[in-house]
Each structure stands twice: as structure tokens, then as C-alpha cells.
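Read off the chains here:
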Amino acid sequence: MPGELVLSGLTKTFRSRGDVVVAVDNLDLEVEKGELVTLLGPSGCGKTTTLRLIGGFEIPDSGKVYIGGRDVTDLPPQRRNTATVFQSYGLFPHMTVFENVAFGLKVRRLPRAETRRRVLEVLKLVNLEGLERRYPRELSGGQQQRVALARALVVEPQVLLFDEPLSNLDAKLRVETREQIRKLQKELGITSVYVTHDQAEAMAISDRIAVMNEGKLQQIGPPYEIYAHPANRFVADFIGRANFLTVKVVEAEDNRLEIELKGGVRLEIPRVEGFTPGMQAVAVIRPEAVDVLQEGEGDVTATVVFGHYTGSLATYKLALPWGETLEVEVLSPQEKGFLSEGEKVGIRFHRQSIHLLFE
Amino acid sequence: MRARFRQLKFLFHDPALLLVVLLILGFLGLFVVLPLFKVLQNSFYYKGVFTPQYFLEFFSGHRYVIRPFLNSLIVAVLVAGLSTLLGFIFAFADVRANIPGRRVFRWIATLPIISPPFIMALAAILLLGHNGLITFFMRKYFGISWNIYGLPGLILTETFAFFPLSFLIMEGVLGNIDPALEESALDLGASKLRTFLRVTLPLATPGIAGSLLLVFTRSLEDFGNPIIIQGRFPVLTTQIYLAITGMYDVPLGATLSIVLLVPTVLAFVVQRYWLSRKSYISVTGRPSTAGPPRVSSGARWFLFGTVFILSSFILLFYGMVIFGSFTKLWGIDNSLTLDNYRYVFTVGIQYLSNSLKLAAIATGIGGLLGITVAYIVTRKRIMLQGLMDFLAMVNFAVPGIVIGIGYILAFNTPPIQLTGTAAIIILIFISQRMPVVVRDGVAMLQQLDPVIDEASSDLGAGFFRTFTRIVLPLVSPALIAGMAYMFAACITSISAVVMVVSPKWYLVTVALLSQVDIGALSIAAAYGTVIILVVLGAIISMDIVVKSLLQRGFSRLGK
């Protein structure tokens, strides 16, 4: 049973001043029915182009787009059962909230009474009751955003597309709105593709995250999987923060590996597929997966190079005896005291959280 | 290639769009390309035989082919230079020197843009012709006499008619120069003159070049002024007209048309593809016309004086036409009468109503067609889009008289026989004036957030519904303004339609010219006054409509 939305071998290039830019490069992706998949990546990674290819706003150079098993690659937007929540909303400025939301239903020639019922229903769903007669310019940014959402929801699309829908809202409203979007999406069970460059947003809202870079899919998986087992350096670095230490695999057993850091420190970590004794590897160590202790305790002694304090966290850059540096985060620095430059500390690595990448 | 094929498949899934694209391309092919092709064809073929006779004569320097060409160039170069100079002074006085009465001067300077250009020639004859007011005065009291017909008259009238275009261009350019640049120069110790010469002027060069090219083209294309005032200084447009209507020498007319087409198209190409990329202007969003005058008070009074004198002359010219329209027989019996208006509203009423009717129909069709082309060109990524853009804009560069000849050659005989009908005039109006609507339409659609119409098609609306329900309402204020100007341009049009008017479909501008021709200057002046009033009326009512639309909230383009 194929997914509700299937992209296969999708490629899109743009020409600008003689240069050919590959925006999307041979992309394969499947989204299951009712699932929310986020396309996450830095700007210019091709995520928005991918969304526009799904919506029909761009025509791919090659590859196919299937929605509900039907090939829609050559269909214009109005013949695809998708609806988009645009970054700049794209509300019709000369229509009221009601007319904006009703537009898609009028196009589908629904009876007046039913149109009215469904519009009011969806407006209630997004908490916009009573604002039907307002024009978009008379609404706040958050309200406009919800009109855009209602307008897309009301046509009951097979696939709902979000193009960085929260980027024009302030930080607090963004968190509220994303929770609301996720709740609605789950309740209604709408298959969704969500584009963002904000990894916290992606982590919070997604069933699965597809990390993209330079037009290519880097990794796809549940948020936990992406964070704990990044497929490559780019993913590890882009999702959260990461230290990369050069290590050697010493022993391999059924469910554990023993690795040796440059300074000779040996650590026992969960097994990662594909590594055998003698291999060089890169250990991914998250800043929060290190304990900072008194000098002499833990696995190794390190020197504080630099530190800064952001309230809930203190972040330190530490120099390891063999020259590599390590970024660590310490929770509740108020209780533990703030370390100063040059201080010596002991550190202990959380074995369970260490992940290995090939060189 | 495969991607292109996909685009075509895409198009087939939107039948309304496909149909519209094909219809527009067909229309442009038939009513823009075919006439031009016919002109080219007839310049080489005579009675079915290939004879580039007149081209050979042109290149071997035969007088009656080369003279009009050189005359046209001389006039165009001089008028372009003078207009740009005056336009620059006017604009500088307006934007930088903050002279007293700027708004009045600005209004006076835009008058010639909306009135028929040949009003200037008519006024010049009323003032400076054989029986002109000033001529008479100078001869009587000083014994001085002159002949305004020929080069001096052409320079004078065309400069007055076209310098407002330079003014508008220079106003835009100077207004967009960030005052901070001039202020920095002053701050670094440069004098005001040095700042002007080393900072302001270089920054304005692309605008100056643009103005030179535009006026050069306009002067080359001008028919109304030369036909009235050229005397023994024949220019290309009038010679083309005479070759066709007087000598029935189609190959000569066609050859001269090509000779005229080359410099105008060259100027257009330079302007569009080269100059447009050379702009130094950085839009800063800062208010530009505000602030204290940045010139010395001496310069300020010099600018004021120049602008004042020039504006007085323009008002004098227009005043003379109005005054002349109330006289019995200009230069012979200057007693006041309403007879001319009686004539215009009895004999001439049919010409006036023809002009209004045909211009209104052409504006309706042309406006809609123009905005559709603009929409497809800016928004829909389809094959043939570049071609459509080019075809829709090409008549921007083609002189009206050449379009007129093309229509005669293309539609005089079956399969499409249109000569003598209203349709041929309407079609000429459309194909000649649509480029302006397309250009303005593209400019306003670029202001409109593309996401708005993407949202519409995303919600299931096809091309037709998106265009009529979303795009048209949103651009309607600007479109109405564009159509009012198109209407004015059609009413005042002469060069293209003079070739195709028929007894049944005679137009008011042509009637004016024929009155000048038989020396009935007072009646001509009455026609001219009526035309000016009609055009002003159209522009003013457009203004009222647009303002009320904007008040009803049509101003937000969704950005």
C-alpha cells in the first residue's frame, strides 16, 4: 500500500543568468495517510520548491508526484486536491473573512446553505467566530494566519501543505499556533507536509522530519530518531548542536561497541550498525550528554576555554588534553556555580547518547 | 526539451488558459504581425516582381528618398536635445529647487501630454503663421517678417509637445536620487555647483539618455505637427502619407516606412534592453521631494524664471487655440463669434461621435486584452510567453503611420477586407495603444503578491475565475486609469488612422487637419478646443472613479 503522497525521483532546476541551480535533486519521499511530515533545512535547501512541486506551482524537470495513488505531475494547482497555507497567507484583500473561506467551496459549486454551514464550522474550529464580516486588513497577524488555515481546511484537501506558516508571527504566538495546528491536524487526520527552517518547530509538530540540504534528502525519520541517530554530519549539526570527536572502534559485540578517544579514554556505547574493530569513526556527542564534575572525577580532565550564560543554561567550551574541543551545556547553573576561564574540570560522557558516523 | 513538453501538457489541463493564449496569439499574429509583414513585403515587391528599387535609390543617395530621412533625423535630434534640456530644468526646479508655484507649473507641463500633439502646430500658426497674431504685430510695428513653416516651426512645436515626457522621466530620476548622496558631497566640502556636476548629473545620466531616446522616437513618429507646419522641409512620416495617398506609389511608401522603422526600433531596443540595466538609482524609500532647496538662491531664481517663461508660452499656445475658436476668420476678421462651435456641433458632431464611439469600443477591448496579456506574461509560466510579450509590445516601437500603411496593405482585399469599416479603425486603435496598457499592467501586477493568485488556483479556481474574481478587482483602479489614458490617446490619435478613415467613419482629428488644410483655422481651433475638453473630461472622471474605488479599500494589493 503506497503512501497518500508519493514523490519519486523529483528533480527541479532553475536557470538564472546562465547558471543552472539544482533546487530539488532526485527526491524520493512517501507520506502516509494522516501523517504530518516536515521538510526541514537551511534556506535554499529546496524545501519550499518541493512543496511548490507538490502543490502544482512548479513543474518538475523529471520525476513524478502521486496523490492518493494518482499521477498528478502534469496537473495545474486547481486540478489537484491540495490546499496550501502560505507564508504570506495570500488572503484575498477585497473579500471578507467569510468570502475568503467560502471561495474554495464556491469554486466547487456547493449549495449556498452547505457552504455557509461549513465555513462557519471551520471558523469555529480556528476560533474566528464573529469575525466573518471583517476584511483581512482589519485582522491581527495571528488572526490572518488562522483565516489562511481555515481557507485551506474547509475544502478538505487530500494533502494539506504548510509553507513556513508561522514565520510572520512573534515567538510566543508561534508556539501557541503550532500547537493548535498540530491538534487540528491530528483530530481531522489530514495528510500534511510542513515546510520550516526552525528545528524546534519541526521537532514539536512532526510525525516524521525530512531533513534536506542542497536539494537532496539527507534523512527522514521521527524527531527522536533524527536527533539520536543522525545519518550524517550535516543532520547532526543542523538538528541541535553536536560535538564531533575522532575515535577508533576497539571492540564490537552484539549490542555494544567499545571506542577509544584520541587520548586513550575508552567508552562502551550502544552498538551502531556497520562498525567493526579497527575502524576510524566520528563520535557525535550532544552538549547536554556530558556531565561536568570536579577535577579528577569522570572520564577525563578538561580546561574551560570560554563560557556564557543564558539563564536556564550555561554553555562552556572545553579543551580536551589532546587538543580537541568540546561544547557542553550545564542545566541550572545557579545551583552549580559558573565556571571561569582556565578552570580545570572533570567530565563524564553519557555512553547511551553517543552515536557514531563514518569518517 | 522534456521540461518544455511538460509545460505544454500542463497548459492542456487548463483549457480556458489554453484557449485565451491561442486567441491572443492569433489576434496578435493577424493584427500586429501581418500588417508589418505586408509593409516589408511591399517594399521589395512591386506588382509581384522583386525590385528593391527604392532601397537602391536610398543607398545611392537619391534626393527624394534620402532628404526626408535626413530631415527627420535633424528634427528628431534637435527636438530630443532641447526637450531633454527643458525637461531637466523643469524637473530640477520642481524636485530640487522647490520653486514657488511648483504644483501649477507641474500641471501646466503635463497638459501637452494628454492633448493632441498637433495642437501645438495649430497654435504656432495662429500666433506665428502668415496671419499670426505676433507676425502681424511685428510686421506692422517693426517691419520684421519671418516664415514659421519648415525647420523652425517643427522644432518649436515638437519641443513644446514632447518636453513634458522628458520632464516626467527626469522628475522620476531626480526624485529617486537619494538626497543623502548629494548631502554627503556637500558635507565633504564640495560646492553646490560641483555637487551638481559631479554627483547629481552623473546619477541622472541614464534618465537623460532615456529621455533623449524617447523624444527622438516620438519626433520621428510625429505626423500631426509636420503635416501642418513642415512647409518645404519634408519629413518621413508626411512623405509616406503623400506617397500612398497622393502618388499611389505603394513601394515608395513601404520603403520609406522601413527607413523610418529602423531608427525607431533601434532606439526602442537600446532603451529597453540596454539602458534599463544601466540605472544607478537605488530606491531607498525615503521621501525625496521634501526638504529645503539644495541650490543657491541665484540658481533658484534662474530656474524659476525659465520655468515661468516656458509655462507662459504653453498657456499662451493653448489660450490662442481657445481664443481662435471664437473668432470669425482668423487673421482676417478677428471679431468674436460662436459660429465655429455651431459648425462643430452640427457638421462636426458626427465626426466627434465617431471618435468617441470607436475610441470607447477600442479602449474596452484593448484594456481587457492588454491586462490579460500582462497577466499571462507576468504570472503564467507557459511556452510562447516570451513571444506573446514581444508581439504585444512591438507596436510600441512602430510609428503610427507605418501601422496605418500596414493595415491598408493587409486588409484592403479579401480574405479580410476591412477598409472603410469601423472595425479597421478600432483594430488600429487597439494594436497601436495596447502596448501601453500591457506595460502598465505588468507594472501593477508586479506589485500584486503572486501568492494571492496562487492561493486562488490552489483552492481550485481555473484561469478564468482567478482572473475575473481575484486579479481584475485588485488591479481595477490602475486598470481604469490606464484605460482613461488609452481612451485619450485614441481620441487624439492621427498618424495611423489618417490612412484608413472613410467618409462613413471620419474622425474628429482628421476633420481638424482638413480644416487647417483649407485655411479655416478658426474652425480647426474649435475642433481642437472640443478635443482638449473631451480628453480632460475623461481624465478627470477617471480620477474621481479611481479615488472612490481606492477609498472603498481596493488599494491594498495584499503585500
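Every chain is numbered on its own, with residues counted from 1 as its sequence reads. As they are written, the chains are lettered A onward and the ligands numbered 1 onward, keeping that order. For a predicted model such as this one, the threshold for reporting local features is a pLDDT of at least 70, and the threshold for listing and counting side-chain atom pairs is 80 or more; totals across whole chains, interfaces and linings nevertheless cover every residue.

### Some remarks on the overall build of chain B
In step 1: Secondary structure elements are defined from DSSP: runs of H or I of at least 4 residues count as helices, runs of E of at least 2 residues count as strands, and each element is numbered from the N terminus. When its secondary structure is counted, chain B shows 23 helices and 4 strands.
In step 2: The C-alpha radius of gyration computed for chain B amounts to 25 Å, which stays within 12% of the reference 24 Å derived for 559 residues, consistent with globular compactness.
In step 3: Judged by the C-alpha coordinates and their principal axes, chain B covers about 80 × 70 × 50 Å.
In step 4: Think of it as a crowd count around each C-beta: if 20 or more other C-beta atoms lie within 10 Å the residue is buried, if 12 or fewer it is exposed, and in between it is partly exposed, with C-beta placed from the backbone throughout. Counting only residues that meet the buried cut, chain B has 48% of its 559 residues in that class.
In step 5: Looking at chain B alone, contacts between residues at least 24 apart form 82% of all its contacts between residues at least 6 apart. Throughout, the radius of gyration refers to the C-alpha atoms, and the reference size of a globule is 2.2 Å times the residue count to the power 0.38. Placing a C-beta atom from the backbone of each residue, one calls two residues in contact when those atoms lie within 7 Å.

### Comments concerning the interface of chain A and chain B
It is common to give the size of an interface as the accessible area that goes away when the parts come together.
In step 1: Counting residues at the interface gives 28 residues for chain A and 27 residues for chain B.
In step 2: Within the residue set of the side of chain A that touches chain B, elements represented by two or more residues are β6 (82-85) and α2 (97-107) of chain A.
In step 3: Gly is placed with the polar residues, together with every amino acid not listed as nonpolar (Ala, Val, Leu, Ile, Met, Phe, Trp, Tyr, Cys and Pro) or charged (Asp, Glu, Lys and Arg). A class-by-class count of the residues in the side of chain A that touches chain B yields 13 nonpolar, 9 polar and 6 charged.

### Re the domain arrangement of chain B
Residue and element names in this part refer to chain B.
In step 1: Looking at the assigned domains, one finds that chain B contains domain 1 (1-39 + 335-559) and domain 2 (52-324).
In step 2: Put simply, the middle of domain 1 and the middle of domain 2, counted by C-alpha atoms, are 25 Å apart.
In step 3: Of all the secondary-structure elements, those providing two or more residues to the side of domain 1 that touches domain 2 are α18 (400-411), α22 (508-517) and α23 (521-554).
In step 4: The class makeup of the residues in the side of domain 1 that touches domain 2 is 22 nonpolar, 7 polar and no charged. What counts as a domain boundary in this text is fixed by an automatic or database domain assignment.

### A word on the sheet that holds β6(A)
Residues and elements named next belong to chain A.
In step 1: Taken together, 6 strands build an open sheet; the order of strands is β6-β7-β8-β3-β9-β10 and the sheet is mixed. Two strands bound the open sheet, and with one partner strand each, they are β6 and β10 (216-221). Adjacent strand axes in the sheet meet at a mean angle of 20°, parallel and antiparallel pairs treated alike.
In step 2: Two elements, strand β3 (residues 36-40) and strand β8 (residues 191-196), share 5 bridges in a ladder whose sense is parallel. Each bridged residue has a counterpart across the sheet, and for L40 the counterpart in β8 is T196.
In step 3: A fitted line through C-alpha atoms serves as each axis, taken over the contacting stretch for helices, and the angle formed by two N-to-C directions is quoted from 0 to 180°. Against the sheet, helix α1 (residues 47-55) makes contact with β3, β6, β7 (159-163), β8 and β9 (208-213), and its axis sits at roughly 150° relative to β7, the strand it touches most. Two strands qualify as a pair provided that DSSP identifies no fewer than 2 bridges between them.

### Description of the sheet that holds strand β2 (residues 19-31) of chain A
Residues and elements named next belong to chain A.
In step 1: Across the sheet, which stays open at both edges, the 4 strands sit in the order β2-β1-β4-β5 with antiparallel pairing between neighbours. Edge strands, defined here as strands with exactly one partner in the open sheet, are β2 and β5 (70-71).
In step 2: The sheet contact formed by strand β1 (residues 5-16) and β2 spans 9 bridges and is antiparallel. Note on β2: the bridge partner recorded for K12 is V24.

### Quick look at the nonpolar core
In step 1: By definition, a nonpolar core groups buried Ala, Val, Leu, Ile, Met, Phe, Trp, Tyr and Cys residues that connect through C-beta atoms lying within 7 Å of each other. Counting residues in each nonpolar core, the largest one holds 264 residues, and the members touching the most others are L122(B) and A123(B).
In step 2: When residues in this core are grouped by element, the largest group, 17 residues, is from helix α21 (residues 463-491) of chain B.

### Considering the packing of α2(A) against helix α3 (residues 112-125) of chain A
Residue and element names in this part refer to chain A.
In step 1: Orientation of α2 relative to α3, taken along the N-to-C sense of each, is 130°, at an axis distance of 10 Å. The angle between α2 and α3 falls in the class oblique. At the point where α2 passes α3, the crossing takes the right-handed sense. When α2 is examined against α3, the residues F98, V101, A102, L105 and K106 are found in contact with a partner set consisting of T115, R118, V119, V122 and L123.
In step 2: When its residues are assigned to classes, the contact of α2 with α3 shows 7 nonpolar, 1 polar and 2 charged. Angular relationships are summarised with four words: roughly parallel below 35 degrees, roughly antiparallel beyond 145, roughly perpendicular across 65 to 115, and oblique for the angles in between. Throughout, a crossing is termed right-handed when the near helix is turned clockwise from the far one, and left-handed when it is turned anticlockwise from it by less than a right angle.

### Some details on the pairing of strand β15 (residues 290-293) of chain A
All names here are of chain A.
In step 1: Judged by which residues are buried, β15 turns out to be one-sided: V290 and V292 face inward and are buried, whereas D291 and L293, on the alternate face, are not.
In step 2: Here 4 bridges tie β15 to strand β19 (residues 344-349), and the two strands are oriented antiparallel to one another. Its bridge partner being in β19, L293 is matched across the sheet by G346.

### Here we look at the confidence of the model for chain A
In step 1: pLDDT expresses, on a scale from 0 to 100, how confident the predictor is about each individual residue. A residue-level look at chain A finds 99% of positions with pLDDT of 70 or above and a mean pLDDT of 91.
In step 2: Here helix α9 (residues 333-336) of chain A stands out as the least confident element of chain A, with mean pLDDT 73; β3(A) is the most confident, with 96.

### Looking at the confidence of the model for chain B
All names here are of chain B.
In step 1: This prediction gives chain B a mean pLDDT of 84; 92% of its residues lie at or above 70.
In step 2: Within chain B, the element-level pLDDT minimum falls on helix α1 (residues 2-12), averaging 65, and the maximum on helix α16 (residues 349-379), averaging 91.
In step 3: Predicted confidence is poor over residues 281-290, with pLDDT under 50, and the contacts of this stretch with residues over four places away or in other chains come to 12 contacts.
In step 4: In this model residues 555-559 is a low-confidence stretch, pLDDT under 50, and it forms 12 contacts with partners more than four residues away in sequence or in other chains.
In step 5: Listed scores for the predicted complex are pTM 0.81 and ipTM 0.83.

### Description of α3(A)
All names here are of chain A.
In step 1: Taking 1.5 Å per residue, 14 residues should reach 20 Å; α3 reaches 20 Å between its end C-alpha atoms and fits that length.
In step 2: Among all positions of α3, only T115, V119, V122 and L123 are buried. For α3, the angular spread of buried residues about the axis comes to 105°, placing them on one side. Away from its buried face by more than 90 degrees, α3 exposes A113, E114, R117, E121 and K124.
In step 3: As for α3, its buried residues are in contact with α2 and α4 (141-153).
In step 4: Downstream of α3 by one or two residues, N127 has phi in the positive range, about 60°. Here a helix's expected span is defined as the number of its residues, less one, multiplied by 1.5 Å. Of all possible arcs, the one meant is that of the directions from the helix axis to the C-beta atoms.

### Looking at the domain arrangement of chain A
All names here are of chain A.
In step 1: When cut into domains, chain A gives domain 1 (5-237) and domain 2 (244-358).
In step 2: Spacing between the C-alpha centres of domain 1 and domain 2 amounts to 39 Å.
In step 3: Between domain 1 and domain 2, the contact holds 6 residues from the first and 4 residues from the second.
In step 4: Of the residues belonging to the side of domain 1 that touches domain 2, the class tally is 3 nonpolar, 2 polar and 1 charged.

### Quick look at the pairing of β7(A)
If a strand is regular, its side chains alternate between the two faces of the sheet.
All names here are of chain A.
In step 1: Of all 5 residues in β7, 5 are buried, a share of seventy percent or more.
In step 2: Side chains of β7 alternate between two faces, with V159, L161 and D163 and L160 and F162 buried alike.
In step 3: The pairing of β6 with β7 spans 4 bridges and is parallel. Note on β7: the bridge partner recorded for T84 is L161.
In step 4: Convention used here: a crossover is right-handed provided that the path from the first strand, over the helix, to the second strand proceeds clockwise when the strands point away from the viewer. Viewed along the sheet, the connection from β7 through helix α5 (residues 171-188) into β8 turns out right-handed.

### Points about unusual backbone geometry
All names here are of chain A.
In step 1: Unlike most non-glycine residues, Y89 shows phi in positive territory, near 70°.
In step 2: By secondary structure assignment, the location of Y89 is in the loop between β6 and α2.
In step 3: A positive phi angle is found at E156, which is not glycine, with a value near 45°.
In step 4: Mapping E156 onto the fold places it in the loop between α4 and β7.

### A look at the packing of helix α6 (residues 119-128) of chain B against helix α14 (residues 297-324) of chain B
All names here are of chain B.
In step 1: The contact between α6 and α14 brings their axes to 9 Å, and the two run at 75°. Taken together, the axes of α6 and α14 lie roughly perpendicular to each other. Where α6 approaches α14, its residues I119, M120, L122, A123, L126 and L127 are matched on the opposing element by F317, Y318, M320, V321 and G324.
In step 2: Here the contact of α6 with α14 is built from residues that sort into 10 nonpolar, 1 polar and no charged.

### Focus on the environment of V72(A)
Residue and element names in this part refer to chain A.
In step 1: Residue placement: V72 occurs in the loop between β5 and β6.
In step 2: A count of 22 C-beta atoms within 10 Å places V72 in the buried class.
In step 3: Separated by 17 residues in the primary sequence, V72 and G55 have C-alpha atoms spaced 9.7 Å apart.
In step 4: Ignoring any residue separated from it by four or fewer positions in sequence, one finds V72 in contact with V65, Y66, I67 and R80.

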